[in-house]
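Descriptive analysis of the structure
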Amino acid sequence: EWKGNGIASLNDYQSLVKLSLASTDIEEDGCVALGNLLRSPTCKLRDLDLGGNRVNDEGLNILADALTKNKTLRKLSLSRNSIVATGVHTFLTCLQSPSSTLKDLDLSQNKIDNEGITSLGDMLVNNTSLSILNLGSNKNITATGWRTFFTRLQNPSSAMMFLDLSSNSIDDEGATGLRNMITDNTALKMIDLSRNNSIGTVGGRAFFSAIHGPNSALEKLWLYSNCIGNEGAAILANGLANNTTLKYLSLSNNRQISSTGWLNFFNLMQNPNSALEELEFDCNEINNEGVDALVGSLGSISSLKSLDLGSNAATPQGWQAMTHLLRRRNCTLTKLRLHDNDINDDALIAFAHALVGNNRLSKLSLDDCDEITTRGWAALTNVLCDKSSIDAIFSSNHTLKKICYDEEDLPSDLLALFQLNRNNTIPGAARQKIIKYHFLNDDINIEAFVGMELKMLPFALSWIGRDDTGFPLLYRLSRSMPYLFESNKKVKDSVVSKRKRV
């Protein structure tokens, strides 16, 4: 337990910028000592975590008074402190100070009620510094309290960029207020509305309409584990079809959207001007037709880098439709998550063939796809290094760096190829594979070098001996082609003679 002495000693550390006292049961004496630290003119603290403590109203009053005099603190967590309305009102005095430098405040998992959220909203009307606010899991705030709060945030001069409202009781009317806030607050870039199961079709229609509004600046939106049904999904898709700012969208675990709803969603969301970079659709009811529609829709989005489709309802044949996306020249995907799906050897072999010409995908997740056997892994291994010829190795896939799967069940040669790709550039990986799998064997074939023009030999030798991977080959070549170390005339005569014999 922190009683104050440990905190007081921190005054001796002038360079301290981050301090975590989470779940350490600091009491009032500890708050006094911490207040003294924050008031010190030499204090450089920027990040303070007091989550999971028993900070009471008196302790909050001490900290608030200290923060009015502090010029350095940027981030403060008071999560899990059972803070109630009076504590919020007391603490907010520090944020109303014109000299407040606090930008990131975490008040999640407290006991803030309607009175407390109203006080917080009143403070934010005039605050121009706070840009990140976490109010997740404050179950005592009713729909009325949220509506009042969102009305206060309809402030064009607000600096609020990220608002975490997850796991609360926001209803349809609250969602409507949220829409008005988004329309008026163009600084707001990120909203987390996950696990707000009171938002229905009416609220979804109101909120989603703001996504394609001319003033929407949203870039990230979390909507996982909600009650968005087919109608709400269609409204959201129409918004996405006209949106040019959203970069991240999570619709994970929205089980009330049926397979037909997903089919309609993907058909409606097509947008050649979309800015989407990350999409999360895991833990849903997307079937074969849905996957096919998704592939068609994503063909118009050239910005997408990450796609999560884990735990869905498609069959192995349905998943093979994803190969059309990977084969596209404009495919920009670098991460693809297909964990916990019905993917077997045939599906993986189809994916492997699609990766032959793909130079973007670097991470593939197949965790818990238990139907894959050595036949599927062998096909993927061959795609990463086709040993049939130098050209085949050169044309292999040198981009895929990691596959999420139990490594104990993966072939050792496949793991070695992943490591080669991770540790090298694409040209570097191709070079090492050519040297290791074509030249460094018991029956070395040097005909490619024997027939090479003299002026090209120095470049070839430099390419081989660039690092210790090529040293064994360089040694064998020097033994097999001794004329490389003779005079210029002898070299020419020896090369001509050698070519005749070959």
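Here, every reference points to the structure presented above.
Residues numbered from 1 in each chain as written. Predicted model: local features only at pLDDT ≥ 70, side-chain atom pairs only at ≥ 80, totals over all residues. Heavy atoms only, no water.

**Here we look at the overall build of the chain**
- Each helix and strand counted, the chain has 22 helices and 14 strands in total.
- Counting only residues that meet the buried cut, the chain has 50% of its 502 residues in that class.
- Carbon and sulfur atoms form 48% of the exposed surface of the chain, whose accessible area is close to 22,300 Å². (Helix = DSSP H or I, 4+ residues; strand = E, 2+ residues; numbered from the N terminus. Buried < 20%, exposed > 50% of the residue type's maximum accessible area, 1.4 Å probe, protein only. Areas by Shrake-Rupley, 256 points an atom, 1.4 Å probe, with all protein chains shown as cover.)

**Comments concerning the packing of helix H7 (residues 172-184) against helix H8 (residues 201-209)**
- The interhelical angle for the contact between H7 and H8, taken along N-to-C directions, is 5 degrees, at an axis separation of 8 Å. Relative to H8, the element H7 is oriented roughly parallel. On the side of H7, the interface is formed by Asp172, Ala175, Thr176, Leu178, Arg179 and Ile182, while H8 contributes Val202, Gly203, Ala206, Phe207 and Ser209.
- Here the contact of H7 with H8 is composed, by residue class, of 6 nonpolar, 3 polar and 2 charged. (Axes fitted to C-alpha atoms, helices over the stretch in contact; angles between N-to-C directions. Parallel < 35°, antiparallel > 145°, perpendicular 65-115°, else oblique. Contact = heavy atoms within 4.5 Å. Nonpolar A, V, L, I, M, F, W, Y, C, P; charged D, E, K, R; others polar.)

**Concerning a negative patch on the surface**
- Taken together, the side chains of Asp340, Asp342, Asp368, Asp370, Glu371, Asp406, Glu407, Glu408 and Asp409 define an acidic patch exposed on the protein surface.
- Considering the arrangement of structural elements, one finds aspartate 342 in the loop between strand E12 (335-337) and helix H14 (345-354).
- Look at aspartate 342 and you get partly exposed, because its relative accessible area is 36%. (Patch = residues over 30% accessible without salt bridge, like charges linked within 9 Å, V, L, I, M, F, W, Y side chains within 5 Å. Salt bridge = Lys/Arg side-chain N within 4 Å of Asp/Glu carboxyl O. Lys, Arg positive; Asp, Glu negative; His and termini not counted. Charge placed at Lys NZ, Arg CZ, Asp CG, Glu CD.)

**Notes on the environment of threonine 24**
- With respect to the secondary-structure elements, threonine 24 resides in the loop between strand E1 (18-20) and helix H2 (28-39).
- With relative accessibility at 18%, the residue threonine 24 sits in the buried group.

**Looking at unusual backbone geometry**
- Phi is positive for aspartate 25, close to 55 degrees, though the residue is something other than glycine.
- Looking at the element boundaries, aspartate 25 is found in the loop between E1 and H2.
- Residues other than glycine seldom take positive phi values, yet aspartate 340 does so here, at roughly 55 degrees.
- With respect to the secondary-structure elements, aspartate 340 resides in the loop between E12 and H14.

**Here we look at the environment of glycine 376**
- When you line up the elements, glycine 376 lands in helix H15 (residues 374-384).
- Placed 29 residues apart in sequence, glycine 376 and alanine 347 show a C-alpha to C-alpha distance of 8.3 Å.
- Sequence-distant contacts of glycine 376, that is, excluding residues within four places in its chain, are made with Asp345, Leu348 and Ile349.

**Notes on the side chain of serine 119**
- Along the chain, the position of serine 119 falls in helix H5 (residues 114-126).
- The exposure class of serine 119 is buried, given its relative accessible area of 17%.
- Ignoring any residue separated from it by four or fewer positions in sequence, one finds serine 119 in contact with His89 and Leu92.

Shape descriptors only; they carry no functional weight alone.
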